[in-house]
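# Analysis of the macromolecular model
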Amino acid sequence: MNALASVLVGLTAGAMLLAVAATAADIPAEERRSGYDLMSRELKATQDDEAANPGMLAVLDGKAIWQRGEGAGGKSCATCHGDAGISMKAVAARYPTFDNTIGRPIDLEQRINRCRSEHQQVAPLPFEHKDLLALAAYVAHQSKEQPISVTDDARSRPFIEAGREIFELRQGQLNLSCAQCHDDNWGHHLGGAPIPQGHPTGYPIYRLEWQALGSLLRRLRNCLIGMRAETYPEDAPEIVALEYYLAWRARGLAMETPAVRP
Amino acid sequence: MPRTLIKVPATAKRGEIIEIKTLISHPMESGFRVGPNGVPIPQDIITLFTCTYNGEEIFRAELSPAIAANPFLSFFTIACDSGTLAFHWSGDNGFAATETAAIAVE
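A brief report on the enclosed structure follows. (Residues numbered from 1 in each chain as written. Chains lettered and ligands numbered in written order. Predicted model: local features only at pLDDT ≥ 70, side-chain atom pairs only at ≥ 80, totals over all residues. Heavy atoms only, no water.)

## Quick word on the overall build of chain B
Assigned secondary structure in chain B consists of zero helices and eight strands. The order of helices and strands in chain B, counted from the N terminus, is β-β-β-β-β-β-β-β. With the C-alpha coordinates of chain B rotated into their principal frame, the extents come out at 60 × 20 × 20 Å. Long-range contacts, defined as pairs at least 24 residues apart, comprise 58% of the intrachain contacts of chain B with a sequence gap of at least 6. When the accessible surface of chain B is totalled, it reaches about 5,800 Å², and 55% of it is carbon and sulfur. For chain B, the distance from the average site of its 7 positive side-chain charges to the average site of its 11 negative ones is 7 Å. (Helix = DSSP H or I, 4+ residues; strand = E, 2+ residues; numbered from the N terminus. Contact = heavy atoms within 4.5 Å. Areas by Shrake-Rupley, 256 points an atom, 1.4 Å probe, with all protein chains shown as cover. Lys, Arg positive; Asp, Glu negative; His and termini not counted. Charge placed at Lys NZ, Arg CZ, Asp CG, Glu CD.)

And the structure:
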C-alpha cells in the first residue's frame, strides 16, 4: 500500500517537473539561431547579395531621407548625427531601450519619431509609413553583423518580464502562446512552413508574402491574427515590452537588416 | 523616382561571360486585386525592360502582371568592348526609368 502510494507520489511529482520543464525551457545560447538558417538556398542568396536584396532599395531611400532637411529649421538627421556609418553603428542592436522621458522602453521607430517631433519640429510619421521603415532600415543596416545586446538591468527587468509574460500567455480562439511554437516546437513544421525560433534579427524585413518591407510590429500583429487573438494598438506599451523580451531572448545573435523572409 | 540597384563587373577580360543583375523598386500592381472599398485596383506594372551595350540591344524582357513587386532580373552577356551598359524600364501610367553602368574591357 505504502509502496504504491510512494510510486504515485513519485509519478505525480515527475509529471509536474515535466510540465514545468516544458513551459520554462528557454532556448540555450548554443542552440539559438536565426530564421535565416531555415530558409532555402535561393532565399539566403537573395538576402546575402546586396544587389539582389529588395530591402536594400529601402536602405537607399533611408540614406536619402537621413540627409534631407525637414521642418522650419531645415535640420536633417545628419545635421546632428553626422555620418550614420559611424554614429549609428551597433545602435539598433541595443533597441528597444529604456527612455527616461516616458519612463518605459521605446523601440527604434518610436525613437526616430521622437527625434522628428523634438529636434526637427515635424509631425511624427505614421506606423508602417514607407519613410519611417526606410529610415529604420538604414539605421539598423549600420548594425549589420553586430550582436543583439539590449540592456538588462534593474530598470528594464520589469519590462523584459512583462514581455515574457505576453510571450508565454495563451491567447486567441486557438488558445496558443508564442512560446508554444517558438520555444517548444521550433524546427518543426506548421503546414509546409518551418517554425523559426522567432528572433528579431533582421527588422525591418522584406517579406515575400508582403512584397514589401515591414516592421516587427507588423510581424507581431500577423502572428496574433494567425492565433485569432486581438491585436494590440500600434503604440501599446505591451508591444514594446514584447519586442524588448524578444531582443533579450535573441541576445548575441547577429543583426541581418534588411533580412529577406518568405 | 524609382530606386535601382545594378551590379555590373567594373572590369572584364575580352570574351569573358559576365553576369548582370538589376533590381528596381516598383509595386507591380497586377490589376486583379480589389481594394478595401470593393473597387478593383487598376493595373500598374512595368511592361518592358531592355538592356543595350554601347547602343546595341543585348537583352529584352516583357513583364506580365504575375511578376512580383520590385522585379529582379539577372542575365549574362559577353564582354566585347569597353563602354556603357544602359538599362531601361517602361510601363503603365507613363513609367520610365533609365540607368547606366560603365564597363572596362581589357
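So that's the structure; there's more coming.
## Examining the interface of chain A and chain B
Each partner contributes residues to the interface: chain A has 13 residues there, and chain B has 12 residues. When the two sides are added together, the surface that chain A and chain B hide from each other amounts to roughly 1,000 Å², 61% of it contributed by carbon and sulfur. At the boundary of chain A and chain B, one finds three salt bridges. Here Asp49 of chain A makes a salt bridge to Lys7 of chain B, at a shortest N to O gap of 3.4 Å. Our count for the contact surface shared by chain A and chain B stands at five residue pairs in polar contact (both at pLDDT 80 or more). Sorting elements by how many residues they give to the side of chain A that touches chain B places helix H3 (residues 55-66) of chain A first, with five residues. Looking at the side of chain A that touches chain B residue by residue, the classes come out as eight nonpolar, two polar and three charged. (Buried area = accessible area lost by both parts, 1.4 Å probe. Salt bridge = Lys/Arg side-chain N within 4 Å of Asp/Glu carboxyl O. Polar contact = N/O pair within 3.5 Å; in protein donor to acceptor, adjacent residues only side chain to side chain. Nonpolar A, V, L, I, M, F, W, Y, C, P; charged D, E, K, R; others polar.)

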